[in-house]
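# Residue-level structural notes
Listed here are the chains, written in short residue letters.
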Amino acid sequence: MSTPAAEHTGAPPVRVLIVDDDAMVRAGLSMILGGVADIEIVAEAGDGSEVPPLVAEHRPDVVLMDIRMPGIDGLTATETLRRRPAPPEVVVLTTFHADAQVLRALRAGAAGFLLKDIAPGDLVQAIKKVASGEPILSPAVTRQLITHVSDGGADERTHRSRKLLDRLSEREREVAMAVGQGRSNAEIGRELYMSVPTVKAHVSRILTKLELNNRVQVALLVYDAGS
């Protein structure tokens, strides 16, 4: 498998921690990412128990997190990381499109998920997007995922989600609904007659008011509320 061509952007490299219990998978990811000038692999781990000390030591920007590991699994490790101050972004690695554990990781604050057979160039771009604060799983894809997966507690989540959405102003709620429909900032701006900076400001306030990490969680909340 060939690696993507290295690009010199002048920006600091994106620091990546690879977490997977399969040594061959770790080796493959390292080979792909090792040839990219603006990505730096700072460490590797074979189990979720190794993640907190490695994050504390190396301060990665992005953690590529396998879900199924024999010790502490990726879901538990993700939940632990996302409770830390200024946590790294977490991208779930999976072999399945629809997986209950993937959905739970997204609810915990993961920035998205990647299939393990992803093309090298797409992997590199996904890591860069996540590092820049852009989730790599669109709300539209999130909605598609959760239609195939049920993890119980739907009634309770619906009640809680509707109460949270009630915190928003009418305009913020309109923006949240559009995020839940998979709209980009530009699309939301056209639909609601706003500038893109105004849309971004609304999204930022929504995340703060609802104590969420990213747009994926907004989409999940909208879905749970039945909106």
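In this text, all values refer to a predicted model and were calculated from it rather than measured experimentally.

### Description of the side chain of Arg-215
Following the sequence through the fold, Arg-215 ends up in helix α11 (residues 215-224). Buried within the structure, Arg-215 lacks any salt-bridge partner; Glu-187 is the closest side chain of opposite charge, at an N-O distance of 7.5 Å. At a separation of 3.0 Å, a polar atom in the side chain of Arg-215 contacts the main-chain carbonyl oxygen of Arg-183.

### Some details on unusual backbone geometry
With phi around 60°, Tyr-193 is a residue other than glycine that occupies positive phi space. Position of Tyr-193 relative to the elements: it lies in the loop between α9 (185-192) and α10 (196-210). When its relative accessible area of 76% is taken as the criterion, Tyr-193 is described as exposed. The phi torsion at Glu-211 lies on the positive side, around 55°, for a residue other than glycine. Here Glu-211 is to be found in the loop between α10 and α11. Taking relative accessible area as the criterion, Glu-211 reaches 68% and is therefore assigned exposed.

### Considerations on helix α4 (residues 100-108)
Looking at α4, one finds that the buried residues are Val-102, Leu-103, Ala-105, Leu-106 and Ala-108. After α4 finishes, the residue Gly-109 shows a positive phi value of roughly 115°.

### Quick look at the nonpolar core
Counting 27 residues, the largest nonpolar core has Leu-17, Val-19, Val-63 and Met-65 as the members making the most contacts within it. It is α4 that contributes the most residues to this core, 4 residues altogether. Apart from residues no more than four positions distant in its own chain, Leu-17 is found in contact with Val-42, Ala-43, Glu-44, Ala-45, Val-51, Leu-54, Val-55, Pro-60, Val-62, Val-63 and Leu-64. Ile-188, Val-203, Leu-212 and Ala-225 belong to the second-largest nonpolar core, a separate cluster that totals 21 residues.

About the criteria used
- Residues numbered from 1 in each chain as written.
- Predicted model: local features only at pLDDT ≥ 70, side-chain atom pairs only at ≥ 80, totals over all residues.
- Heavy atoms only, no water.
- Helix = DSSP H or I, 4+ residues; strand = E, 2+ residues; numbered from the N terminus.
- Buried < 20%, exposed > 50% of the residue type's maximum accessible area, 1.4 Å probe, protein only.
- Lys, Arg positive; Asp, Glu negative; His and termini not counted.
- Salt bridge = Lys/Arg side-chain N within 4 Å of Asp/Glu carboxyl O.
- Polar contact = N/O pair within 3.5 Å; in protein donor to acceptor, adjacent residues only side chain to side chain.
- Core = buried A, V, L, I, M, F, W, Y, C linked by side-chain atoms within 4.5 Å.
- Contact = heavy atoms within 4.5 Å.

Purely geometric numbers; function is a separate question.
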